Amino acid sequence: MFTGLVEARGTLAGRVARGPGARLAIGCPFAPLVLGESISVDGVCLTVETITAKGFEADASAETLARTTLGRLPLGAAVNLERALPAGGRLGGHIVGGHIDGVGRVAHKRPLGDAVELTFATPPALERYLAEKGSIAVNGVSLTVNSVARGAFTVVLIPATQAVTGLHTLAVGAEVNLEADVLARYVARL
């Protein structure tokens, strides 16, 4: 489990096909790393399989590659990183599982003083989980939904979020990993 509070930026350093899946190499500043630990990479929960001099390697299934941006993100691209929440740790964002629901796209971007407003087009299956002032994880970043419209939602990135994540650098049309709030899922299921 994660909080959606990005700890560091890393890079997608490599991707080698392994059957229908792939072995991903992630440049990562975390140390020490532990084999088997979970790390959120742009919101995707990956398991450390191999520790390298510059980070770690993890396996991504065909499902992960199809449902997220990790299968088509260019090598060298910057990614948001977060280690799993330790027992007794602070939950400063919201509960994030690292299980991506779908890929969205930046539909609109505009400055708001020191902040940046982003509107994301969302897959229809996620619309039912979005609520004004609810939570969503975008590329692993816990954000508050400012408004919801048919097929889209809007967030505002404050300077602190811009300083730690790369969301403010996204261009219109860029793809992002989206994870709906787990509480919204259970409410919808009821």
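Anyway, here's the lowdown on the structure attached to this text. Just so it is clear, the structure is predicted and the values come from calculations on it, not from any experiment. (Residues numbered from 1 in each chain as written. Predicted model: local features only at pLDDT ≥ 70, side-chain atom pairs only at ≥ 80, totals over all residues. Heavy atoms only, no water.)

Side note on the environment of Val141
To be explicit about the condition: The helix count covers DSSP runs of H or I at least four residues long, the strand count covers runs of E at least two residues long, and both are numbered beginning at the N terminus. Contact criterion: two residues are considered in contact whenever any of their non-hydrogen atoms come within 4.5 Å of each other.
By the secondary structure assignment, Val141 is in strand E11 (residues 141-144). A sequence separation of 45 residues divides Val141 from Val96, and the C-alpha atoms of the two residues are 9.1 Å apart. Not counting residues within four places of it along the chain, the set of residues in contact with Val141 comprises Gly4, Val6, Asn80, Ile136, Thr161, Thr165 and Leu167.

Considering the sheet that holds strand E4 (residues 44-47)
The line we're drawing: A strand pair is defined by DSSP finding two or more bridges across the two strands. Axes here refer to lines fitted to C-alpha atoms; in helices the fit is confined to the stretch in contact. Angles between the N-to-C directions go from 0 to 180 degrees.
A sheet is described by the order of its strands in space; here 7 strands give the open sequence E4-E3-E7-E1-E2-E6-E5, paired in antiparallel fashion. A single partner strand is all that each edge strand has here, and the edge strands are E4 and strand E5 (50-52). Each neighbouring strand pair of the sheet contributes to a mean axis angle of 40 degrees, computed without reference to strand direction.

Regarding the pattern of salt bridges
Put simply, the test is: Just to be clear on terms, a salt bridge is a Lys or Arg side-chain nitrogen sitting within 4 Å of an Asp or Glu carboxyl oxygen.
A full pass over the atoms with the stated rule returns 9 salt bridges. Sharing partners across several salt bridges, the network here consists of Arg18, Arg23, Glu57 and Asp59.

The values are spatial; any link to function lies outside them.
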